[in-house]
Amino acid sequence: MTIIPAQAASLVVPALEAAVRAPSPHNTQPWRFELAEDRIEVLLDPERVLAVADADGREARLACGAAVLNIQLALRAAGQACAVRLLPDRARPAHLATVWLQGPCQVTPEDRAFARAVSFRRSNRRPFTDRPVPVWIRDALVRAASLEGAALVLVERGRDLDELARLLRRAEHLQNEDPAFQAELRRWTAAGGRRDDGVPLAAGGPRPAAAGLLTPRHHPEGPAGREPLVAVLCSFADTPLAQLRTGQAMQRVLLTGTTAGVSASFLSQPVEVPATREPLRGLLGGQAHPQAVLRFGYGFAAPATPRRRPEAVTRSRRQQPEEANR
Ligand SMILES: Cc1cc2nc3c(=O)[nH]c(=O)nc-3n(C[C@H](O)[C@H](O)[C@H](O)COP(=O)(O)O)c2cc1C
């Protein structure tokens, strides 16, 4: 049962509603939340880490990082300052973050715009139009990643994009050949019905007219449009801490796109497959660690994917004996 302290409920409920709107691989929603009077704790749910595509939980940590940013944005938009500590407890590695409520703060128009964008951001796997993403939005996307301590590397047309497309095709081929990967994908691709997780078929986009180079998953034969902007989100280390920070960066990048009217979707195959991840890293100069490949552009609105309700994934924090004795 969830017990939300009465004074904090008006802040915490919208913050949790925002948290669960974070993107996650195959919409697994690999998070849980614990509440105390002055804080929200974000935990990894190991049962929801993809055993084949994400064996070490890297993508699940990206998703939880995104949920942490959503909590911060919702609190700020409600006039509540907050402080975040990532991986606060070495003895409890599943405890990914604590967001501390810190009292009233001024709300800026940007806080409001970002918090609003959380509920209408979608992964858009549909083909994009030929309209290019303008330079000022490209710059804003790059800035959004660096604000959260990550790097967004834009892969411009030409040899690099061709090489990225080749790695994508290779990774996709290897995943298609892997029965365990395919079984996992099928498990999380819902044919409709009343599921509150997984990717509904409707989120895969319309049937394609022609095969394309950069093909989004969940859109098995589809093109991703003719001139998408493709970028690789990178971290400067490949530790759980760096992955959480990069998850925050990923969400800030996606929301920056959303507020500017730009759609985005993921092309994670070359990062997930070990045989293509290292060459992808080489393509980017060998320094940073690729965490997610994203494409950006303009397209028809994509449908929302379902979520488990916050109360299904939240409980009150039980006081640990050693805390009670402090
Ligand atoms: C780390 C990560 C990797 C993802 N990889 C892919 C991918 O390779 N292909 C894809 O179509 N969607 C991918 N997604 C998008 C999820 O499927 C999507 O976030 C989820 O279904 C929820 O839908 P929403 O983003 O519209 O809220 C990824 C999401 C995350 C966070």
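Residues numbered from 1 in each chain as written. Predicted model: local features only at pLDDT ≥ 70, side-chain atom pairs only at ≥ 80, totals over all residues. Heavy atoms only, no water.

1. Considering the sheet that holds strand S2 (residues 39-44)
Then comes step 1: An order of S3-S4-S2-S1-S11 is seen for the 5 strands of this open sheet, with the pairing classed as mixed. Of all the strands in the sheet, the pair left with one neighbour each is strand S3 (80-86) and strand S11 (314-316). Between one strand axis and the next, the sheet turns through 25° on average, direction left out of account.
Then comes step 2: Pairing of strand S1 (residues 31-36) with S11, which is carried by 3 bridges, proceeds in the parallel orientation. (Pairing = 2+ DSSP bridges. Helix = DSSP H or I, 4+ residues; strand = E, 2+ residues; numbered from the N terminus. Axes fitted to C-alpha atoms, helices over the stretch in contact; angles between N-to-C directions.)

2. Quick notes on unusual backbone geometry
The bulk of non-glycine residues show a negative phi, and the bulk of peptide bonds are trans.
Then comes step 1: The backbone phi angle of His26 is positive, close to 55°, even though this residue is not glycine.
Then comes step 2: As for its position among the elements, His26 is in the loop between helix H1 (6-19) and S1.
Then comes step 3: By relative accessible area, which is 4% here, His26 ends up buried.
Then comes step 4: Positive phi outside glycine occurs at Leu87, with the angle close to 45°.
Then comes step 5: Position of Leu87 among the secondary structure elements: in the loop between S3 and strand S4 (95-104). (Buried < 20%, exposed > 50% of the residue type's maximum accessible area, 1.4 Å probe, protein only.)

3. Focus on the state of the cysteines
The bond known as a disulfide is covalent and runs between the sulfur atoms of two cysteines.
Then comes step 1: All told, the structure shown has 0 disulfides when counted by the stated rule.
Then comes step 2: Unpaired in terms of disulfides, Cys105 finds its nearest cysteine sulfur in Cys82, a separation of 7.6 Å.
Then comes step 3: Given the relative accessible area of 22%, Cys105 is considered partly exposed. (Disulfide = S-S within 2.5 Å.)

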